[in-house]
Amino acid sequence: MQLTVALKQMAIAVINDLYGVLLPETSITITETKPDFEGDYTIVLFGLLKQLRQSPDGLGMAMGQALQAAHPDMVVGFTVVKGFLNLTISDAYWLNTLQHTHNTQYGWQPANGKKLMVEYSSPNTNKPLHLGHLRNNFLGWSVAELYKATGYEVVKTCIVNDRGVHICKSMLAWQKFGQGATPQSTNKKGDHLVGDYYVMFEQALKAETAPLLEKLRAGEAVAGLDAVAAEKLPLLQAKIHDAALAPEKRDEAQAALTEMARNATPLMAEVRQMLLKWEQGDAETIALWQTMNGWVYAGFDATYQRIGSNFDLVYYESETYLLGKQRVEEGLALGVFYKKADGSVWIDLSTDGFDEKLVLRKDGTSVYMTQDIGLAERKYADFAMDESIYVVGDEQNYHLSVLKLICQKLNMPFAGGIKHLSYGMVELPTGRMKSREGTVVDADDLCNEMEGVAAAKTLELGKVNDFEPHELAALYATLGMGALKFYLLRVDPKKRMIFNPEESIDFHGFTGPFVQYTYARIQSVLRKMDDRGANATAAHSSSLLPAEKAVLVLLEQFEGQIALAAAEMNPSILAGYVFLLAKTFNGLYAEHSIVGAESIEKQVLRLKICRLVATVLKNGMGLLGIGVPARM
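Just so you know, the residues in each chain are numbered from 1, in the order the chain's sequence is written. Only residues with pLDDT of 70 or above have their local features reported here, since the model is predicted, and side-chain atom pairs are shown and tallied only from 80 upward, although totals for entire chains, interfaces and linings are computed over all residues. Excluded from the side-chain calculation are hydrogens and water; included are all heavy atoms of the structure.

**Considerations on the overall build of the chain**
Alright, step 1. The numbering of helices and of strands both runs from the N terminus, where a helix is a DSSP run of H or I of at least 4 residues and a strand a run of E of at least 2. Scanning the chain from N- to C-terminus turns up 23 helices and 14 strands.
Alright, step 2. Seen through its principal axes, the chain has C-alpha atoms that stretch 85 × 70 × 50 Å.
Alright, step 3. For the chain, long-range pairs separated by at least 24 residues make up 75% of all intrachain contacts whose partners lie at least 6 apart in sequence.
Alright, step 4. Each charge class in the chain can be summarised by its mean position, and for the 61 positive and 73 negative side chains these summaries are 1 Å apart. We call two residues in contact whenever any of their non-hydrogen atoms come within 4.5 Å of each other. Asp and Glu are treated as the negative residues and Lys and Arg as the positive ones, with His and the ends of the chain left uncounted. In this description, the location of a charge corresponds to atom NZ of lysine, CZ of arginine, CG of aspartate or CD of glutamate.

Dropping the structure here:
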């Protein structure tokens, strides 16, 4: 049991004994004692005073004496300072942590009987994976593993957005500009080749859009506008010319006008026609779609294998959108949805704090929401999970909120368990990436760059001269991918971040290679000592020096850190923890010799600490998807 949990239960028990009041566990707040005060953990008393009708000092003294009397082997001292009860935990308790030295599953909790699904990656088959996808994959994979470690049965899933307007853009561009090109004829990965045609389409579309946009700005008539766009046009035109309007509002109106012009182009008309033909099962369109998607899947598989991302189930939008359309038809009959005069189907969520949401276009084709409704039902039918986590960028906060609300209105049994792991975009020092303009950072190129930086940094240290070429290649891959994953996971998912490859692979900073180097250092010590005395019991009679205790206190917290990171869907908590553990261990290593310890007892103790630190670093980094080399 975690120490903080045990202390809460002990506090509840002594309060009940002293005052006859049985408090819930949530009423007890425990923090680590601040460095300026004596003690290890602190019980915050302020929230208890009114209910127990006690003064801060009186309550603190009574609880401290009762805890020390009831648990003399654990609580060996206490102080009361201005409403805080600071407890000193015995060295024997911290030393007891070392019983886990040989437990390779230290920190894991038993099965809890609950099922959970984590959906991540969600690529489109019109472009290769990029830096943004990497943050998504690393977050989703790690959160799934964290939940496994806390006792959940977990299924990792991926939804491939393999149909729709964006896919048809690449297909149409290949028809117009491809001249029969294939991955083999161009010597390109299939996902890269298809992505090139998506960019070509956007370039051609931009050229077609420009003159139409000028006409719309000038108030001239433009053919190709649908009825909804024509109705909104006067308002947008007024906004972009309204000098009194806030600049950001004019920018929003300008963006809407640009999108209106894009949709009125002949190219977009062709794309919409292609999508309609696809949904009607046109043989030629389906054959092209299957061929180009096949190229992309081969490319995706190679990238997934390289970055260590895997899925238990893969869903395809092409297989779920029809189920979503069926639910829309049922929702119409129930009055959840309504049909407009042009035949499009909507839901009015204005009374729920949202607005109207399109769920089916006027030509009967699906939108993202349509397929997401169908996918949600399909996932529950396959797994009957208690919770379903969607790892999706924060630009989709509104969409995921609406999806959950629609599922609730359709009385779907899984709706309450829908959760959104919302994360911020990854930007470069030069600014935001844009798929349409081909300015994204390709995942494959980034992995190559990271391995190159890892090689350069490692060779600078000059400690791998005896490595064989295949060993060096494996080390560079482990360090490069470890640096990339740690850098993207060390930031709270809710925050946007700027990625800097050079900074990510520093061997001395808050980085993956720093933690990896610490693990390798420990392995070197254990090899030198031949793990002597690892099974000895003499260490348990030893008193602890401050540097030793600092490491043991952190080791005891491992299970709690895993549980917290899972509960908050935030791997950065664990990344911060393993870094702090590595840093604290390095402090012990610098201050006190292990090989030349002052006594056999101390040598045995520190070897035990080495072994457990190595286990926790390996397990902790493993939950982040990062390997740790035995030598570097």
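**Focus on the domain arrangement of the chain**
Alright, step 1. The source of the domain bounds is an automatic or database domain assignment. Split by domain assignment, the chain resolves into domain 1 (3–89) and domain 2 (446–632).
Alright, step 2. Taking only C-alpha atoms, the centre of domain 1 and the centre of domain 2 are 34 Å apart.
Alright, step 3. Listed as interface residues are five residues of domain 1 and, on the opposing side, four residues of domain 2.
Alright, step 4. By buried area we mean how much accessible surface two parts lose on assembly, using a 1.4 Å probe and totalling the loss over both. Across the interface of domain 1 and domain 2, roughly 340 Å² is buried in total on both sides, 27% from carbon and sulfur atoms.

**Topic: the nonpolar core**
One broad trend across soluble globular proteins is that nonpolar side chains are buried collectively.
Alright, step 1. With 156 residues, the main nonpolar core has Ile43, Leu484 and Leu574 as its most contacted residues.
Alright, step 2. Counting residues domain by domain, this core receives three or more from each of domain 1 (3–89) and domain 2 (446–632).
Alright, step 3. Filtering out sequence-adjacent residues up to four positions away, Ile43 remains in contact with Ala11, Ile28, Thr29, Ile30, Met63, Leu67, Gly83, Phe84, Leu85 and Leu87.
Alright, step 4. By convention a nonpolar core is built from buried Ala, Val, Leu, Ile, Met, Phe, Trp, Tyr and Cys residues, the set being connected through side-chain atoms within 4.5 Å. Buried residues are those whose accessible area, probed at 1.4 Å on protein chains only, stays under 20% of the maximum for their type, while exposed residues exceed 50% and partly exposed ones sit between those limits. If you look at the next biggest cluster of nonpolar residues, it comprises 25 residues, including Ile347, Leu405, Cys407 and Ala415.

**Focus: the packing of helix 16 (residues 443–461) against helix 17 (residues 469–489)**
Alright, step 1. Axis lines are fitted through C-alpha atoms, for helices just across the contact stretch, and the angle between N-to-C directions can take any value from 0 to 180 degrees. Orientation of helix 16 relative to helix 17, taken along the N-to-C sense of each, is 115 degrees, at an axis distance of 8 Å. Between helix 16 and helix 17, the crossing angle belongs to the class labelled roughly perpendicular. Read as a crossing pair, helix 16 and helix 17 show a hand that is right-handed. Residues Leu446, Cys447, Met450, Glu451, Ala454, Ala455, Thr458 and Leu459 of helix 16 form the contact with helix 17, whose participating residues are Leu475, Tyr476, Ala477, Leu479, Gly480, Met481, Ala483 and Leu484.
Alright, step 2. As a working rule, the residues Ala, Val, Leu, Ile, Met, Phe, Trp, Tyr, Cys and Pro are called nonpolar, Asp, Glu, Lys and Arg charged, and the rest polar, with Gly in that last group. In the contact of helix 16 with helix 17, the residues fall into 13 nonpolar, two polar and one charged. Should an angle fall under 35 degrees it is called roughly parallel, over 145 degrees roughly antiparallel, and 65 to 115 degrees roughly perpendicular, with every other angle called oblique. Crossing handedness: left-handed means the near helix sits turned counterclockwise from the far one by under a right angle, and right-handed means the same turn made clockwise.

**A few points about the pattern of salt bridges**
Alright, step 1. For salt bridges, the criterion is a side-chain nitrogen of Lys or Arg within 4 Å of an Asp or Glu carboxyl oxygen. Within the structure shown, the criterion is met by 31 salt bridges.
Alright, step 2. The partner of Lys249 in a salt bridge is Glu252, with the nearest N and O atoms 3.9 Å apart. In this pair, Lys249 and Glu252 both sit in helix 10 (residues 247–263), three residues apart, roughly one turn of the helix.
Alright, step 3. Using a relative accessible area of 43% as the deciding quantity, one classes Lys249 as partly exposed.
Alright, step 4. Glu356 serves as the salt-bridge partner of Lys340, at 3.8 Å between the closest nitrogen and oxygen. Note that Lys340 is positioned in the loop between strand 8 (338–339) and strand 9 (345–348) and Glu356 in strand 10 (residues 356–360), a separation of 16 residues in sequence.
Alright, step 5. Residue class for Lys340 comes out partly exposed when judged on its relative accessible area of 30%.
Alright, step 6. Note on Glu356: relative accessible area 36%, which makes it partly exposed.
Alright, step 7. Connected through salt bridges with shared partners, the residues Arg163, Glu279, Glu317 and Lys325 form a single ionic network.

**Section: unusual backbone geometry**
Across residues other than glycine, the phi torsion is negative in most instances, and most of the peptide bonds are trans.
Alright, step 1. In this model, Ser122 sits at a positive phi of 45 degrees, which is unusual for a non-glycine residue.
Alright, step 2. Considering the arrangement of structural elements, one finds Ser122 in the loop between strand 5 (115–119) and helix 5 (131–149).
Alright, step 3. With a phi angle near 50 degrees, Met569 is a residue other than glycine that sits in the positive phi range.
Alright, step 4. The class for Met569 is buried, based on a relative accessible area of 14%.

**With respect to the packing of aromatic side chains**
Alright, step 1. Side-chain rings of Phe, Tyr and Trp (the six-membered ring for Trp) are treated as a pair once their centres are within 6.5 Å; stacked means planes under 30 degrees apart, edge-to-face means over 60, and tilted covers the remaining angles. Overall, the coordinates contain 19 aromatic pairs when judged by the stated rule.
Alright, step 2. Taking 5.3 Å as the distance between ring centres and 85 degrees as the angle between the ring planes, the aromatic pair formed by Phe46 and Phe84 counts as edge-to-face. Of this pair, Phe46 sits in helix 2 (residues 46–52) while Phe84 sits in strand 4 (residues 84–89), placing them 38 residues apart in sequence.
Alright, step 3. In this structure Phe84 comes out as partly exposed when scored by relative accessible area, which is 32%.

**Concerning the sheet that holds strand 3 (residues 75–81)**
Alright, step 1. With respect to topology, four strands assemble into an open sheet ordered 1-2-4-3, the strand pairing being antiparallel. A strand with exactly one partner marks an edge of an open sheet, and here the two such strands are strand 1 (29–32) and strand 3. Averaged over all neighbouring strand pairs, the angle between strand axes comes to 25 degrees, with direction disregarded.
Alright, step 2. Packing against the sheet, helix 3 (residues 56–70) makes contact with strand 2 (41–44), strand 3 and strand 4, and its axis sits at approximately 180 degrees to strand 3. At least two DSSP bridges between two strands are needed for those strands to be called paired.

**Notes on the sheet that holds strand 12 (residues 418–423)**
Alright, step 1. The five strands are arranged 7-6-5-11-12 in an open sheet whose pairing can be described as parallel. Because the sheet does not close on itself, it has two edges, and the strands there are strand 7 (313–316) and strand 12. Between one strand and the next, the sheet's axes are offset by a mean angle of 25 degrees, whatever the strand orientation.
Alright, step 2. Pairing between strand 6 (residues 153–160) and strand 7: four bridges, direction parallel. Across the sheet, residue Thr157 finds its bridge partner in strand 7, namely Leu313.
Alright, step 3. Taken strand by strand, helix 14 (residues 368–383) contacts strand 5, strand 6, strand 7 and strand 11 (387–393), and its axis lies near 145 degrees from that of strand 5.

**Regarding empty space enclosed by the protein**
Alright, step 1. Using a 1 Å grid laid over the protein atoms alone, points where a 1.4 Å probe fits but cannot get out form a cavity; open sets with protein on both sides within 12 Å along at least 5 of 7 lines form a pocket; any residue with an atom within 4 Å of a point counts as lining. Grid points are joined across faces, edges and corners, and a volume is the space filled by probe spheres set on the points. Under the defined criterion, the tally for this structure stands at two cavities of 30 Å³ or more.
Alright, step 2. One number sums up the size of the largest cavity: a volume of about 40 Å³.
Alright, step 3. Top contributing element to the lining of the largest cavity by residue count: helix 5, with three residues.
Alright, step 4. Among the residues forming the lining of the largest cavity, the class breakdown is four nonpolar, four polar and one charged.
Alright, step 5. In this structure, the second largest cavity spans a volume of roughly 30 Å³.
Alright, step 6. Contributing to the lining of the second largest cavity are Thr458, Leu461, Lys463, Val464, Phe507 and Met632.

**Comments concerning the pairing of strand 5**
Alright, step 1. Most of strand 5 sits inside the fold, with four of its five residues counted as buried.
Alright, step 2. Pairing geometry for strand 5 and strand 6, over five bridges, is parallel. Paired with Val118 across the two strands is Lys156, which belongs to strand 6.
Alright, step 3. Every crossover in which the path from the first strand over the helix to the second runs clockwise, viewed with the strands pointing away from the viewer, is termed right-handed. Following the chain from strand 5 across helix 5 to the adjacent parallel strand 6, one finds a crossover that is right-handed.
Alright, step 4. Examined bridge by bridge, strand 5 and strand 11 share four bridges and lie parallel to one another. In the sheet register, Val118 faces strand 11, and the bridge partner there is Ile389.

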